[in-house]
Amino acid sequence: MNPNKNYMVFSGTATKYLAEKICQSLGCPLGELQITKFSDGEFAVSYEESIRGRDIFLVQSTFPNSDNLMELLLMMDAAKRASARTINAVIPYFGWARQDRKDKPRVSIGAKLVADLLSVAGVDRVITMDLHADQIQGFFNVPVDHLYASNVILPYLRSLQLEDLVIASPDVGGSKRANTYAKYLGCPLVLCNKTRARANVVATMQIIGDVEGKNVVIIDDMVDTAGTITKAADIMKAAGAKTVRACASHCVMSGPASERVQDSALEEIVFTDSIPYSQRCAKVKQISVADLFAETIRRVINNESISDQYII
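Rules used throughout
- Residues numbered from 1 in each chain as written.
- Predicted model: local features only at pLDDT ≥ 70, side-chain atom pairs only at ≥ 80, totals over all residues.
- Heavy atoms only, no water.
- Pairing = 2+ DSSP bridges.
- Helix = DSSP H or I, 4+ residues; strand = E, 2+ residues; numbered from the N terminus.
- Axes fitted to C-alpha atoms, helices over the stretch in contact; angles between N-to-C directions.
- Contact = heavy atoms within 4.5 Å.
- Buried < 20%, exposed > 50% of the residue type's maximum accessible area, 1.4 Å probe, protein only.
- Polar contact = N/O pair within 3.5 Å; in protein donor to acceptor, adjacent residues only side chain to side chain.

Student: Teacher, can you tell me more about the sheet that holds strand β5 (residues 86-91) here?
Tutor: Sheets are built from strands that pair by backbone hydrogen bonding, the pairs being arranged parallel or antiparallel. Strand order in this open sheet of five strands is β1-β4-β5-β6-β7, and the pairing throughout is parallel. Unpaired on one side and paired on the other, β1 (7-11) and β7 (144-147) mark the two borders of the sheet. Each strand axis lies, on average, 15° off the axis of its neighbour in the sheet, ignoring direction. Sheet topology places β1 next to strand β4 (residues 55-59); five bridges connect them, and they run parallel. Looking across to β4, one finds that Val9 is bridged to Phe57. Packing of helix α8 (residues 290-301) onto the sheet brings it into contact with β1, β4, β5, β6 (125-129) and β7, and relative to β6 it is tilted by some 155°.

This is the structure:
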């Protein structure tokens with residue numbers, strides 16, 4: 001521990017790879033935390049150094065399985081009981097965000113429940129990135145610093161120097177995000193209109209706009225089973241697109257996603273490293289957001305504005 005610092009950074013098990021990069025950017029060591037696992041699957045959290053009076057930053061994405069969320073809650077509870085001055089949850093990927101409203105009778109609103117759990121555990125601030133729905137910020141009664149993956153994705157897209165560029169949204173719900181990219185890059189926007197047979201299963205899809213002879217980049221916030229994004233890519237390629245790429249913030253990539261991407265018309269699919277990706281797929285590329293989160297933490301510590309970090 002650096003005695004000249006009033007803050008400390010700790011990490012749960014699944015997001016340690018990113019926390020180490022964040023600490024490297026901040027020039028501070030990763031705090032010592034022990035997670036003891038029992039044979040029945042239960043686990044306990046303990047800090048191996050004093051955190052009394054410190055501003056604590058806990059780095060943990062809450063992707064499946066639920067142990068990642070539970071780890072974060074226990075880390076927060078232990079920090080509160082160890083007299084940390086403030087508890088800041090750094091959640092690059094906020095899970096359960098798709099459950100942000102009642103879209104049919106008798107369903108849970110998982111995003112609100114997770115927000116309540118974090119609040120009860122003692123969170124003082126949440127730092128996250130590309131929530132599935134912006135209104136989730138309103139589920140908290142503490143400050144939420146909502147970052148955008150565009151900070152790292154846009155420079156990458158510019159580096160490709162693609163001519164006849166078109167930005168596409170894989171569904172109508174993501175049109176606002178895609179339109180923002182299109183305006184910034186000064187290129188046309190194309191939409192895909194889809195209907196679902198059930199969750200994770202696309203029934204039909206139509207393209208709204210012209211992609212013939214264009215280099216298309218599909219923008220999304222997350223890719224789960226990759227059914228939507230690969231179907232969109234295949235349809236656009238069949239409609240005469242020169243190349244089709246995809247960029248998404250969160251690499252969920254569950255089930256058959258890797259095989260679907262590999263077999264699709266996609267040239268590549270670019271993610272941030274908010275979620276680790278261990279499966280082998282030559283078309284998947286990850287860009288780190290460690291510096292983005294490190295700079296945000298630095299500004300929070302120094303009580304500086306973070307708004308000028310936003311490209312769009």
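Student: Before we go on, may I ask you to explain the side chain of Thr296 in this structure?
Tutor: Mapped onto the fold, Thr296 is located in helix α8. Residue class for Thr296 comes out buried when judged on its relative accessible area of 0%. Separated by 2.9 Å, the side chain of Thr296 and the backbone oxygen of Leu292 make a polar contact.

Student: What is the right way to look at the pairing of strand β3 (residues 43-47) in this model?
Tutor: Look at any regular strand and the pattern is simple: side chains alternate between the two faces of the sheet. Burial along β3 is one-sided: Phe43, Val45 and Tyr47 are buried, while Ala44 and Ser46, pointing the other way, are not. Here strand β2 (residues 33-37) pairs with β3 via five bridges, running antiparallel. In the sheet register, Gln34 faces β3, and the bridge partner there is Ser46.

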